[in-house]
Amino acid sequence: MGRIIVDIMPKPEILDPQGKAIKGALPRLGIDAFVGVRQGKRFELEVEGEVSEDDLAEARRAASTLLSNPIIEDVVAVRRAEAHQ
């Protein structure tokens with residue numbers, strides 16, 4: 001069974017209150033290396049057999065029409081999943 005990963009992030013100009021909350025919590029856990037956090041979404045789409053170019057095209061179409069809100073989000077990646085994921 002093949003798997004496709006779709007990553008979606010808020011557009012840079014959109015406020016990200018979840019990312020801001022995470023950034024504020026990190027120093028309280030002793031994690032000080034990061035100057036910014038943005039939280040996005042990840043989808044895993046499964047197909048029968050190996051992932052084909054047609055499957056990737058369908059995943060891109062699903063990502064742009066259903067999985068994301070194009071007004072406030074960008075589809076940043078549509079790719080085959082690594083075998084070890």
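Rules behind the numbers
- The written sequence of each chain sets the order in which its residues are numbered from 1.
- The predicted nature of this model means local features are confined to residues of pLDDT at least 70 and side-chain atom pairs, given and counted, to a pLDDT of 80 or more, with totals for whole chains, interfaces and linings taken over all residues.
- Side-chain metrics in this entry use all non-hydrogen atoms of the structure; hydrogen atoms and water are not considered.
- Just to be clear on terms, a salt bridge is a Lys or Arg side-chain nitrogen sitting within 4 Å of an Asp or Glu carboxyl oxygen.
- In this text, helices come from DSSP runs of H or I with a minimum length of four residues, and strands from runs of E with a minimum of two, each type numbered from the N-terminal end.
- For every residue, the accessible area obtained with a 1.4 Å probe (protein chains only) is divided by the maximum for its type, and the residue is called buried under 20%, exposed over 50%, and partly exposed between those limits.
- Nonpolar cores are built from buried Ala, Val, Leu, Ile, Met, Phe, Trp, Tyr and Cys residues. Side-chain atoms within 4.5 Å join them into one set.
- The criterion used for residue contact is that any of the two residues' heavy atoms lie within 4.5 Å.
- Paired strands are those between which DSSP finds at least two bridges.

Trainee: Looking at this model, I keep getting lost on the pattern of salt bridges. Mind explaining?
Mentor: A pair can form between side chains of opposite charge whenever their charged atoms are brought close. Evaluation of the coordinates by the stated rule reveals 7 salt bridges. When the shortest N-O distance is used, the salt bridge between R3 and E44 registers 3.1 Å. Remark: E44 occurs in strand β2 (residues 41-47) and R3 occurs in strand β1 (residues 2-10); sequence separation between them is 41 residues. You can call E44 partly exposed: its relative accessible area is 43%. Where K11 meets D74, a salt bridge forms, and the shortest distance between an N and an O atom there is 2.9 Å. With a gap of 63 residues between them, K11 in the loop between β1 and α1 (17-25) and D74 in strand β3 (residues 73-80) connect regions that are remote in the sequence. Under the relative-accessibility criterion, K11 is labelled buried at 18%. Through salt bridges with shared partners, a single ionic network connects R3, R42 and E44.

Trainee: Would you mind showing me how to read the nonpolar core here?
Mentor: Most often, soluble globular proteins keep nonpolar side chains buried together rather than apart. Residues I4, V6, I8, V47, V51, L56, A59, A63, L67 and V78 constitute the largest nonpolar core, which totals 10 residues. If you list the elements that add at least two residues to this core, you get β1 and α2 (53-67). Leaving out residues up to four positions away in the same chain, A63 has contacts with V6, I8, S68, V75 and V78.

Trainee: What exactly am I supposed to notice about the environment of V51 here?
Mentor: Tracing the chain through its elements places V51 in the loop between β2 and α2. Residue V51 is classed as buried on the basis of its relative accessible area of 11%. Taking C-alpha positions, V51 is 9.1 Å from A81, a pair spaced 30 residues apart along the chain. Residues within four places of V51 in sequence aside, it is in contact with G2, R3, I4, L56 and R80.

Trainee: What am I meant to see in the pairing of β1 here?
Mentor: Where a strand is regular, its side chains alternate between the two sheet faces. By the criterion of burial, β1 is predominantly enclosed, with 7 of the 9 residues buried. As defined by bridge partners, β1 adjoins β2 across 7 bridges and the pair is classed as antiparallel. Residue G2 lies in a different strand from β2, and its bridge partner there is V47. Here β1 pairs with β3 via 7 bridges, running antiparallel. Residue pairing in the sheet places I8 in a bridge with V75 of β3.

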